[in-house]
Amino acid sequence: MKTDRCKKLSCKEQPLDPERPGRIESLDVNSSPSLLLNIALALQHVLVLSSLCALVVDTLIQEVDKERIVAYVLFCSGISTLLQSWIGSRLPLILAPSLDFLIPALTLLSAQSGTAVACRGQCTEPEEPVAPAHPIRELKGMAVVAGLVQLAVGLTGLAGFALGHCGPLVLAPLLCILGFSIFREAALFCSDHWGMAALAIVLLVILSQHLHYFLQLSVFSVCKRLSVLLSVMVTCGVCAALVHWGHVHLNSVTQMLSTKRNATFIQSRNGPHSSDFGFPNDSVPWLDFPLPAPALPLLSGKSIAAGVAGGLSSSISSPAVYVVAARLLKVPVPPAHACNRGLCVDGLGSVLSGLMGAPVGLCSSVPNACVIGLSQSGSRSTVQLAGVLLLILGVSPQLAQMLCSVPLAIHGALLGVTYTLAVATGITYFQHADVDSGRNIFNIGFTVFMSLALPRWFRLHSSFIQTGVPSVDVFLQSLLTLPVFFVGVLAFLLEHTVSGTLPERGLVRHEGTKKILSLADQQQGYSRSPDAVYDPPPPVMKVLDLSGLRTVPFCACRSPPVEEVVVAVPEMSSLLPDKDAGVSTILPKLVFE
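Residues numbered from 1 in each chain as written. Predicted model: local features only at pLDDT ≥ 70, side-chain atom pairs only at ≥ 80, totals over all residues. Heavy atoms only, no water.

Visitor: What is the right way to read the side chain of Thr 418 from this model?
Guide: Its place among the elements puts Thr 418 in helix H18 (residues 408-428). From its side chain, Thr 418 meets the backbone oxygen of Leu 415 in a polar contact 3.4 Å long. Look past the residues within four positions of Thr 418 in its chain and what remains in contact with it is Pro 367, Cys 370, Val 371 and Leu 374. (Helix = DSSP H or I, 4+ residues; strand = E, 2+ residues; numbered from the N terminus. Polar contact = N/O pair within 3.5 Å; in protein donor to acceptor, adjacent residues only side chain to side chain. Contact = heavy atoms within 4.5 Å.)

Visitor: Help me out: how do you make sense of unusual backbone geometry in this one?
Guide: What is expected of a backbone is that most residues other than glycine have negative phi and most peptide bonds are trans. One non-glycine residue, Lys 330, adopts positive backbone phi at about 60 degrees. At Gln 376, a residue that is not glycine, the phi angle is positive and equals roughly 55 degrees. Assessed through its relative accessible area of 22%, Gln 376 is described here as partly exposed. (Buried < 20%, exposed > 50% of the residue type's maximum accessible area, 1.4 Å probe, protein only.)

Visitor: Would you mind going over the packing of aromatic side chains with me for this structure?
Guide: Given two aromatic rings, their pairing is described by the distance between the two centres and the angle made by the two planes. Tallying each qualifying case throughout the model produces four aromatic pairs. Plain terms: the ring middles of Phe 442 and Phe 446 are 5.5 Å apart, the flat faces sit at 20 degrees to each other, and that makes the pair stacked. Residue Phe 442 and its partner Phe 446 are located together in helix H19 (residues 438-460), separated by four residues, close to a single helical turn. A relative accessible area of 47% places Phe 442 in the partly exposed class. For Phe 446, a relative accessible area of 32% corresponds to the partly exposed category. Members of the aromatic cluster, joined through ring pairs, are Trp 457, Phe 458 and Phe 464. The lysine or arginine in question, Arg 327, covers the ring of Tyr 429, its NZ or CZ lying 4.4 Å from the ring centre. (Phe/Tyr/Trp six-rings, centres within 6.5 Å; stacked < 30°, edge-to-face > 60°. Lys NZ or Arg CZ within 6 Å of the ring centre and 35° of its normal.)

Visitor: Could you clarify how one ought to interpret the state of the cysteines in this entry?
Guide: Throughout this description, disulfide means a covalent bond between two cysteine sulfur atoms. Overall, the coordinates contain zero disulfides when judged by the stated rule. Distance from the sulfur of Cys 166, which forms no disulfide, to the nearest cysteine sulfur (Cys 339) is 9.2 Å. With a relative accessible area of 17%, Cys 166 lands in the buried category. (Disulfide = S-S within 2.5 Å.)

Visitor: Is there a simple way to explain the packing of helix H13 (residues 301-329) against helix H15 (residues 366-375) in this structure?
Guide: For any two helices packed against each other, the geometry is given by the interaxial angle and the distance between the axes. Where H13 contacts H15, the axes come no closer than 8 Å and their chain directions differ by 10 degrees. Between H13 and H15, the angle is such that the two are roughly parallel. Across from Val 321, Val 324, Ala 325, Leu 328 and Leu 329 in H13, the residues of H15 making contact are Val 366, Ala 369, Cys 370, Ile 372 and Gly 373. Counted by class, the contact of H13 with H15 contains nine nonpolar, one polar and no charged residues. (Axes fitted to C-alpha atoms, helices over the stretch in contact; angles between N-to-C directions. Parallel < 35°, antiparallel > 145°, perpendicular 65-115°, else oblique. Nonpolar A, V, L, I, M, F, W, Y, C, P; charged D, E, K, R; others polar.)

Visitor: What should I look at first to understand helix H7 (residues 168-180) in this one?
Guide: An α-helix turns once per 3.6 residues; consequently, residues spaced three or four apart project the same way. For H7, which comprises 13 residues, the first-to-last C-alpha distance of 18 Å matches the rise-based estimate of 18 Å (1.5 Å per residue) to within 8%. By the criterion of burial, H7 is predominantly enclosed, with 12 of the 13 residues buried. Along H7, the residues classified as buried are Pro 168, Leu 169, Val 170, Leu 171, Ala 172, Pro 173, Leu 174, Leu 175, Cys 176, Ile 177, Leu 178 and Gly 179. (Expected span 1.5 Å × (residues − 1).)

Visitor: Would you mind showing me how to read the pattern of salt bridges here?
Guide: A pair can form between side chains of opposite charge whenever their charged atoms are brought close. Under the defined criterion, the tally for this structure stands at two salt bridges. Two residues, Glu 495 and Arg 439, come together in a salt bridge whose shortest N-O distance is 3.3 Å. Of the two residues, Glu 495 sits in helix H21 (residues 483-497) while Arg 439 sits in helix H19, which places them 56 residues apart along the sequence. For the pair Glu 495 and Arg 439, one class covers both residues: buried. For the salt bridge of Arg 505 with Glu 495, the shortest nitrogen-to-oxygen distance reads 2.9 Å. With Arg 505 in the loop between H21 and strand E3 (507-509) and Glu 495 in helix H21, this pair connects stretches of sequence that are 10 residues apart. Residue classification places Arg 505 among the buried positions, given a relative accessible area of 15%. Residue classification places Glu 495 among the buried positions, given a relative accessible area of 3%. (Salt bridge = Lys/Arg side-chain N within 4 Å of Asp/Glu carboxyl O.)

Right, here's the structure in full:
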């Protein structure tokens, strides 16, 4: 029997199905969990987001500014998340920094300082690096430019058009590489203390996959939904006890990424640091409302080049995250207008992030989307509450510091487990195509191998690209070291240039509209229409229906109008109308995206 506390967290769940042990009812997009459960689920999203912040901010920012910069990133992420769930794609997604911005930022810093920072710890740096003049201002300029690129791709409708022409053999390698792209950073985080990382991973797997199968009680369904939060809390408690007793010492990510650091923008850390939650910094203020940075972003040629590269890569990864979230939620793939609106919100978030003083742009977070699969909870109200929590953290650098004090090994465990769901989601798309076809075997193998090998080679040989124009060098080096950009371009080109039949490619032609559709959507048997998930609220739809917003560039963000087809009845032998047939019947025509 449930206790009163369990009833408050139960979200009105149905009993477990005895024929399918361990299966609990998923919370869909429009569901409303109970208040306590909703707060706990929102905290899970915030913890996962903090892993990406630890990766990006710890790598780029000085320790003296890190807490305030993290607060700016969280504040901008909260605003963008609320906009995304309201007027964007409407999927329960969190906007956060990602590798799409980190790699170009490292390339930009490398070009400024004359070092090989973009190698991410795998290259030998010169003994006397040259200090960059305005690193943070150029990083902010890169974020603004990346946001403008995202806005341009969304407003022109390129994102929705490209997603509509991505079959299973494009999405499968794209999602796999999207998940594999973080393995090096996750391993670096876990190497801070493999014991704590292993403890967090084991707890997460047991709580999310095993516990409710052996003990079929309703309280354990709550453990599955809160597997991330409970795993982090238990592991943090063990780490705190070991640190207090002096048995472990936790290192920062910058110490793992390079052995010889640039002292001008990465401060040496000989004593306790902010990654160690046992030593908080009392000088950090509790309240500091984020305001636009007094120093404007610097739009140099190099920052513009890095921003364009980051914007293009994020314009590929964000629609892929939409597909992951839709697949885990068991809803149709986002239509073109929802994808375009979502990317526009990503662009607005990146521009706001750069203007507020954050050094990176924002796009849809891969691990937060994968948490939907772990917790079986994809409520839109949960991410909206998470956005509110991010706003609260954004106005308090002290709270942001506490969030960043989670050991890096735990961050690595979270990234390692959550990104695996993106890989698994990509693998599920192979079932809809002919995997025995020689065409498909070549396309998949060539795309995956080249997307892993070439970016690694260009990272190890950063001096290979020397055109004589520094901004062009930064642009090419950034693009060629981004695995997601590689796999997106290669998979799309091979799919549409190598001949193959529609069933072989996992596609089918609709009999009524003659449009080519993906078998992944047809065989899934979705019970919910796309309009119920992706259409914005009525006030937003009224604004988009204004005559001034029906043209370019806003037409790409509007829902397509419902066409009407007049079906005329054949003329009767007598001129009088038949009682069983009308003169004409008006039927709505469903527009297939």
